[in-house]
Amino acid sequence: MSEPDFDHALRAVAQRLHDELCLAAVSIKVTDNSGNTTQASFGEDDALQLACPRVGVPLQVMRRGPAPTEQKRGAPGRWVRIVPPYSQADRGTPGMERLQVVPAVVSEKRVGDLLLVRGAEAPRFTMADDRLLSAVATQLGIAVERVWLQREATEAEILRRTDELKTALLNAVSHDLRTPLASIIASAGSLRQHDVAWSEEERQEFAEAIEEEALRLNQIVGNLLDLSRMEGGTLKPEKGWYDLGALVDNVLGRLKALTSRHRIVANIPEDLPPVLLDYVEIDQVLSNLIENAIKYTAPGTEIQISARRDAGEVRVEVEDRGPGIPASALAHIFEPFYRASGQGPRPRGTGLGLAVAKGLVEAHGGRIWADNCPKGGSRFIFTLPLAESADASSSPRG
């Protein structure tokens, strides 16, 4: 009964009772707080058909015996024949006299039954058998209560984590969304002031600020939507064969404005085979990792992007020369809304980029993790499966 798999435990108990008491069949039925029934049975098919009490049929039910006290030991339950209180009781069902029921009770509430079918010529249960059945019913009730408590604890933990996620989301919405909105409103309001003679250069600066902050808002909303799709299980990559080197070049070209103050080194072997991936999603993974490296490293430092084939996978690394990741943060760095605390001011962000990257990589059947480089800085690594295909080498896309 202490096994973690409750259904397997019930079947094991049914089989053990069947063997120990030489029964024709044993069926164990348990009902939870929601009315859902779990059943485990073992024995002969004909006998198992009897292990289903019928309305109007007399039953032999074990009543609980006296509980143990300091002065007196407990006693096994006693069998009571329960006869329906109406005259049309069905007394003609063959074999029903072989069925005996042992209720399992928790806190005065009946939570299940041991349904026992003796063989056609089997003797009645002895006092030792009754004591065994009473003990089993007691243990069954304790096991059911344990399962209930585990479920309640799990539900409480889910509610706790949901509340934390909701709080983190509200914090992100209240700060990281309002900041770019405030900048957009201020810039747009300035452009609409007709009593001020703005120069063309100033107007251009206001327009650039609006565009930059709008793009930032779009990225935050996109990350939130991606996270929602991942948690809802609706994320399904649309894969094709692509050249990973060309993909890296495209990402670096698109992020040129952000990477202009860093030394970017790309090391992608020319003989790397095409990879089966969703181009848009892996583009986003690389973008998130590179942008994360830019946020946490000083201008002028080097960021290296490399890839290599490794035992049936392609391994991609984004390495920087920043302060590294605190040891306490390594286990949480890919959690939604988590942001590692360290020295110096914290860069802007919602803490969603790495969580989204993790979900996208895992949706491809890959892995992602982070560590600190021996010479300083941090390194983010993700892998993607390499599938062999006759068409892969001849017609890569991208």
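In this text the structure is predicted, and so the values were computed from the model without any measurement. (Residues numbered from 1 in each chain as written. Predicted model: local features only at pLDDT ≥ 70, side-chain atom pairs only at ≥ 80, totals over all residues. Heavy atoms only, no water.)

Draft legend 1. Highlighting the packing of aromatic side chains. Counting across every chain of the model gives four aromatic pairs. For the pair Trp198 and Phe206, a centre-to-centre distance of 5.0 Å together with 85 degrees between the ring planes defines the contact as edge-to-face. Ring geometry for Phe334 and Phe380: centres 6.1 Å apart, planes at 85 degrees, overall edge-to-face. Of the two residues, Phe334 is situated in the loop between strand E11 (313-320) and helix H8 (353-363) and Phe380 in strand E13 (residues 378-385); the sequence distance between them amounts to 46 residues. (Phe/Tyr/Trp six-rings, centres within 6.5 Å; stacked < 30°, edge-to-face > 60°. Helix = DSSP H or I, 4+ residues; strand = E, 2+ residues; numbered from the N terminus.)

Draft legend 2. Focus on the packing of helix H7 (residues 279-295) against H8. Running from amino to carboxyl end, H7 crosses H8 at an angle of 150 degrees, the nearest separation of the two axes being 9 Å. In this structure, the crossing between H7 and H8 has a hand that is left-handed. Between H7 and H8, the residues in contact are Glu281, Gln284, Val285, Asn288, Leu289 and Asn292 and Gly353, Leu354, Val356, Ala357, Leu360 and Val361, respectively. (Axes fitted to C-alpha atoms, helices over the stretch in contact; angles between N-to-C directions. Left-handed = near helix turned anticlockwise from the far one by under 90°. Contact = heavy atoms within 4.5 Å.)

Draft legend 3. Structural view of the pattern of salt bridges. Considering all chains together, one arrives at nine salt bridges under this definition. Here Arg110 and Asp113 are joined by a salt bridge, their closest N and O atoms 2.6 Å apart. Residue Asp113 is classed as buried on the basis of its relative accessible area of 18%. (Salt bridge = Lys/Arg side-chain N within 4 Å of Asp/Glu carboxyl O. Buried < 20%, exposed > 50% of the residue type's maximum accessible area, 1.4 Å probe, protein only.)

Draft legend 4. A look at the confidence of the model for the chain. Confidence along the chain averages 82 in pLDDT terms, with 85% of residues attaining 70 or more. Low pLDDT, under 50, characterises residues 389-395; the predicted model gives this stretch three contacts beyond four residues in sequence or across chains. (pLDDT = per-residue confidence, 0-100.)

Draft legend 5. Focus on the sheet that holds strand E5 (residues 99-106). In spatial order, the strands read E2-E1-E6-E5-E3-E4; together these six strands make up an open sheet with mixed pairing. In this open sheet, the two strands that pair with only one neighbour each are strand E2 (37-43) and strand E4 (78-82). Each strand of the sheet is rotated relative to its neighbour by a mean of 25 degrees, with strand direction disregarded. Alignment of strand E3 (residues 59-63) against E5, held across two bridges, turns out to be parallel. By the bridge assignment, Val61 is partnered in E5 with Val101. Contacts between helix H1 (residues 6-20) and the sheet are confined to strand E1 (25-31), E2 and strand E6 (109-117), with E2 contributing the most and set at about 35 degrees to the helix. (Pairing = 2+ DSSP bridges.)

Draft legend 6. Examining the nonpolar core more closely. In this structure, Leu277 and Phe382 are the most contacted members of the largest nonpolar core, which totals 40 residues. Sorting the residues of this core by element identifies helix H5 (244-254), strand E9 (275-277), H7, strand E10 (302-310), E11, H8, strand E12 (367-372) and E13 as the ones contributing at least two each. Considering every element that reaches this core, the biggest residue donor is H7, with eight residues. Filtering out sequence-adjacent residues up to four positions away, Phe382 remains in contact with Ile282, Val285, Leu286, Leu289, Val314, Arg315, Val316, Val361, Arg367 and Ile368. Counting 27 residues, the second largest nonpolar core, distinct from the first, contains Val13, Val26, Met62 and Val147. (Core = buried A, V, L, I, M, F, W, Y, C linked by side-chain atoms within 4.5 Å.)

Draft legend 7. Broad picture of the packing of H5 against H7. H7 packs onto H5 with a crossing angle of 55 degrees between their chain directions and a minimal axis gap of 10 Å. Considering their axes alone, H5 and H7 lie oblique with respect to each other. At the point where H5 passes H7, the crossing takes the right-handed sense. Counted together, Ala246, Leu247, Val248, Asn250, Val251, Leu252 and Arg254 of H5 and Tyr279, Ile282, Asp283, Leu286, Ser287 and Ile290 of H7 form the full contact between these two elements. Taken together, the residues of the contact of H5 with H7 break down into nine nonpolar, two polar and two charged. (Parallel < 35°, antiparallel > 145°, perpendicular 65-115°, else oblique. Nonpolar A, V, L, I, M, F, W, Y, C, P; charged D, E, K, R; others polar.)

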